Amino acid sequence: MNSEDNRFLIIPSVRMNKNVSYALSLDNEYILLSETHIGNLKCLVDKCHKANKKAIVNAELIGGLNLDKIGINLLKQLYKVDGVIGANTPKMNMMKEIGLMTIQRITLMDSKAFDTSLRLISNSKCDAIEIRPCIYGLKFGDEIKKVKNVPLLLGGFIDNEDMIYKAKEAGFRGVT
């Protein structure tokens, strides 16, 4: 996710394997494999690559994978994922250090979560930040941008075109 590239991204989040083919048929650069496990991860990433898509995985939702140093290296070397999304800043920084594109996920539930998120992203080496739920991302995106000047994505409860247009108008880089 190049910060100089200003194209608006719609990143489909595939939660069920039966929807992979549909997501791959769309005109998108990235596919987010939201819920997968080590038994099907390589096959799904290979399908993405064959369709000229980059595969992003939710690091915290890969069944059977231990996110220690070995597991993190496996994501790149064995499973060949292009990027990861997750909330754990130290693990995301480790993934960035081995060359994976990283999207730091923050979930805003209340003012304490917001303050904690600002502190965490200030220490993050991430390439981008996903803010959830989208309604709070729209409200607090400018404040987050002041702490970490990376592309911002909206996620969570994006279920209509109007929300996508609002994200574009507010200057977000894309939606998941």
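What you see is a predicted model; the values in this text were computed from it and never measured.

## Thoughts on the pattern of salt bridges
One pass over the full model with this rule turns up eight salt bridges. Between Asp162 and Lys166 there is a salt bridge whose closest N-O contact spans 3.4 Å. Pair noted here: Asp162 and Lys166 are both in helix 7 (residues 161-169), with a separation of four residues, about one helical turn. On the basis of relative accessibility, which here comes to 44%, the residue Asp162 falls in the partly exposed class. Taking the relative accessible area as the measure of exposure, Lys166 reaches 38% and is therefore partly exposed.

## Comments concerning a nonpolar patch on the surface
Taken together, the side chains of Ile70, Leu74 and Leu78 define a hydrophobic patch exposed on the protein surface, amounting to about 260 Å² of accessible area. Within the fold, Leu74 resides in helix 3 (residues 69-77). Taking the relative accessible area as the measure of exposure, Leu74 reaches 31% and is therefore partly exposed.

## A word on the pairing of strand 3 (residues 30-33)
Side-chain alternation along strand 3 places Tyr30 and Leu32 on one buried face and Ile31 and Leu33 on a second face that is also buried. Where strand 2 (residues 13-14) and strand 3 come together, two bridges link them in parallel fashion. Residue pairing in the sheet places Val14 in a bridge with Leu33 of strand 3. Each parallel crossover has a hand, and the one from strand 2 via helix 1 (residues 20-25) to strand 3 is right-handed. With four bridges connecting them, strand 3 and strand 5 (residues 54-58) associate as parallel partners. Paired with Tyr30 across the strands is Lys54, a residue of strand 5.

## Thoughts on helix 3
Residues of helix 3 that are buried include every one of Gly71, Ile72 and Leu75, and no others. All buried residues of helix 3 project into a common sector of 100° when viewed along the axis, lining one side. Along helix 3, exposed side chains directed more than 90 degrees from the buried face belong to Lys69, Ile70 and Gln77. Against helix 2 (41-50), strand 5, strand 6 (62-63), strand 7 (83-86) and helix 4 (89-97) lie the buried residues of helix 3.

## Points about the packing of helix 5 (residues 111-122) against helix 6 (residues 134-147)
Put simply, helix 5 and helix 6 touch, their axes get as near as 9 Å, and they point 30° apart. Helix 6 is crossed by helix 5, and the crossing has right-handed handedness. Contacts between helix 5 and helix 6 involve Phe114, Leu118, Ile121 and Ser122 on the former and, on the latter, Phe140, Glu143, Ile144 and Val147. Of the residues assigned to the contact of helix 5 with helix 6, the class counts are six nonpolar, one polar and one charged.

## Focus on the nonpolar core
The biggest cluster of nonpolar side chains holds 24 residues, and the ones touching the most others in it are Leu33, Leu41, Val57, Leu75, Val81, Val84 and Met95. Of all the secondary structure elements, the ones that give two or more residues to this core are helix 1, strand 3, helix 2, strand 5, helix 3 and helix 4. Here this core gets four residues from one element, more than from any other, and that element is helix 2. Membership of the second largest hydrophobic core comes to 19 residues, among which are Leu108, Cys126, Leu152 and Met163.

## Concerning the packing of aromatic side chains
Counted under the stated rule, the structure contains two aromatic pairs. Judged by centre distance (6.5 Å) and plane angle (35°), the rings of Tyr136 and Phe140 are tilted. With Tyr136 and Phe140 both in helix 6 and four residues apart, this pair spans about one turn of that helix. The exposure class assigned to Tyr136 is partly exposed, which follows from its relative accessible area of 35%. Ring pairing ties together the aromatic residues Phe114, Tyr136 and Phe140, which thus form one cluster.

The rules behind these values
Residues numbered from 1 in each chain as written. Predicted model: local features only at pLDDT ≥ 70, side-chain atom pairs only at ≥ 80, totals over all residues. Heavy atoms only, no water. Salt bridge = Lys/Arg side-chain N within 4 Å of Asp/Glu carboxyl O. Helix = DSSP H or I, 4+ residues; strand = E, 2+ residues; numbered from the N terminus. Buried < 20%, exposed > 50% of the residue type's maximum accessible area, 1.4 Å probe, protein only. Patch = residues over 30% accessible without salt bridge, like charges linked within 9 Å, V, L, I, M, F, W, Y side chains within 5 Å. Areas by Shrake-Rupley, 256 points an atom, 1.4 Å probe, with all protein chains shown as cover. Pairing = 2+ DSSP bridges. Right-handed = clockwise from strand over helix to strand, strands pointing away. Arc of directions from axis to C-beta. Contact = heavy atoms within 4.5 Å. Axes fitted to C-alpha atoms, helices over the stretch in contact; angles between N-to-C directions. Left-handed = near helix turned anticlockwise from the far one by under 90°. Nonpolar A, V, L, I, M, F, W, Y, C, P; charged D, E, K, R; others polar. Core = buried A, V, L, I, M, F, W, Y, C linked by side-chain atoms within 4.5 Å. Phe/Tyr/Trp six-rings, centres within 6.5 Å; stacked < 30°, edge-to-face > 60°.

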